[in-house]
Amino acid sequence: KQEVTQIPAALSVPEGENLVLNCSFTDSAIYNLQWFRQDPGKGLTSLLLIQSSQREQTSGRLNASLDKSSGRSTLYIAASQPGDSATYLCAVGVGGSEKLVFGKGMKLTVNP
Amino acid sequence: DGGITQSPKYLFRKEGQNVTLSCEQNLNHDAMYWYRQDPGQGLRLIYYSQIVNDFQKGDIAEGYSVSREKKESFPLTVTSAQKNPTAFYLCASSIDLAGIWATDTQYFGPGTRLTVL
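Quick summary incoming for the structure in this document. Here the structure is a predicted model, which means the values were calculated and not measured. (Residues numbered from 1 in each chain as written. Chains lettered and ligands numbered in written order. Predicted model: local features only at pLDDT ≥ 70, side-chain atom pairs only at ≥ 80, totals over all residues. Heavy atoms only, no water.)

1. Section: the overall build of chain A
Basically, it comes down to this: Strands here mean DSSP runs of E at least two residues long; helices mean DSSP runs of H or I at least four residues long; both are numbered from the N terminus. Throughout, radius of gyration means the C-alpha value; the globule benchmark is 2.2 Å times the number of residues raised to the power 0.38.
Counting its regular elements, chain A contains zero helices and eleven strands. From first element to last, N terminus to C terminus, chain A shows the α and β order β-β-β-β-β-β-β-β-β-β-β. By the compact-globule yardstick of 13 Å for 112 residues, chain A fits well, its C-alpha radius of gyration being 13 Å. With respect to the principal axes defined by its C-alpha atoms, chain A has extents near 45 × 25 × 20 Å.

Structure representation (structure tokens):
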């Protein structure tokens, strides 16, 4: 059974820091990995999607990498801003099924 | 203005009552999903549908029911059989079922917070 873990559960940093958010998964048979952002009381917004054949994806100040063999992904946020404060969720597309398996998320607070 | 709408934003239910949560999308997506989110937990899949008049149980379908009579609509009914229904409910859609196209992401609605009194 696929399990997705995000550690730590929360992180508080001063503005301007470069951040690395971690995601690990137990089964390497995935077809993609996605990072989502969730603001309090809101739905999820897709940030980056990495196909299983890819190593990384970039969008603006965000860069996500994928290492299937080790079951890890990282989301890199450059020059963090208070507006980046949110919960970040990692999800993997499970091979051979129709669903995403989500981690519990990491709550990020960027202090001005 | 394309997207997914969910209504109501907040819903209060007395014990023993059934309630229906609305989810509508105008993205012309075939696949739709319902998730439940509890504090400090990841999303858990309740039901999903690939096509009109077809739907499948997810990981936690007990106490819930759905219908898919129209492509753009996928309402979720929380029945009195659901023992702990207080949660945040999220609806999502994608072009096709996740897994068929590795490039497809899911688009989420704003959510409905259900509280049982």
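2. Examining the layout of surface pockets
Note the cut-off: Points on a 1 Å grid over protein atoms alone make up a cavity when a 1.4 Å probe fits among them but cannot get out, and a pocket when they form an open set with protein on both sides within 12 Å along at least five of seven lines; lining residues each have an atom within 4 Å of a point. Grid points are joined across faces, edges and corners, and a volume is the space filled by probe spheres set on the points.
Counted as a void, the largest pocket has a volume near 520 Å³. If you trace the largest pocket, you find 24 residues lining it, with A:Q38, A:T87, B:Q37, B:P39 and B:G40 closest to the centre. When contributions to the lining of the largest pocket are tallied by element, the ones reaching two or more residues are β9 (86–94) and β11 (106–111) of chain A together with β9 (87–94) and β11 (112–116) of chain B. Per-element tally for the lining of the largest pocket: the top contributor is β11(B), with three residues.

3. Some points on the interface of chain B and chain A
The test is simple: Two residues form a contact once any of their heavy atoms are found within 4.5 Å. Once two parts are brought into contact, the accessible area they lose, counted with a 1.4 Å probe and summed over both, makes up the buried area. Salt bridges are defined by distance alone: a side-chain nitrogen of Lys or Arg within 4 Å of a carboxyl oxygen of Asp or Glu. Nitrogen and oxygen atoms within 3.5 Å of one another constitute a polar contact, given that in protein one can donate a hydrogen and the other can accept it, and given that sequence-neighbouring residues count only through two side-chain atoms. Classification convention: Asp, Glu, Lys, Arg as charged; Ala, Val, Leu, Ile, Met, Phe, Trp, Tyr, Cys, Pro as nonpolar; all other residues, Gly among them, as polar.
Contacts between the two partners involve 25 residues from chain B, matched on the other side by 20 residues from chain A. Across the chain B/chain A interface, buried area totals approximately 1800 Å², and carbon plus sulfur atoms make up 55% of it. If you look at where chain B meets chain A, you find zero salt bridges. The tally of links from chain B across to chain A stands at three residue pairs in polar contact (both at pLDDT 80 or more). Among the secondary structure elements, those contributing two or more residues to the side of chain B that touches chain A are β4 (31–37), β5 (43–51) and β9 of chain B. Tallied by class, the residues present in the side of chain B that touches chain A amount to twelve nonpolar, nine polar and four charged.

4. Examining the sheet that holds strand β8 (residues 72–77) of chain A
Threshold: Should DSSP find at least two bridges between two strands, the strands are taken to pair.
Strand order in the open sheet formed by five strands is β1-β3-β8-β7-β6 (chain A), with antiparallel pairing between adjacent strands. With one partner strand each, in any of the chains shown, β1 (4–5) and β6 (56–59) of chain A form the two edges of the open sheet.

5. As for the sheet that holds strand β7 (residues 64–66) of chain B
Residue and element names in this part refer to chain B. Operational definition: All axes here are fitted lines through C-alpha atoms, helices being fitted over the stretch that makes contact, and every angle between N-to-C directions spans 0 to 180 degrees.
Judged by pairing direction, the sheet is antiparallel, and its four strands sit side by side in the order β1-β3-β8-β7 without closing on themselves. A strand with exactly one partner marks an edge of an open sheet, and here the two such strands are β1 (4–7) and β7. Geometrically, the sheet is characterised by an average inter-axis angle of 20° between neighbouring strands, direction not taken into account. Inspection of the sheet shows β7 paired to strand β8 (residues 76–78) by three bridges, in the antiparallel sense. In the strand pairing of β8, Y64 is matched with V78.

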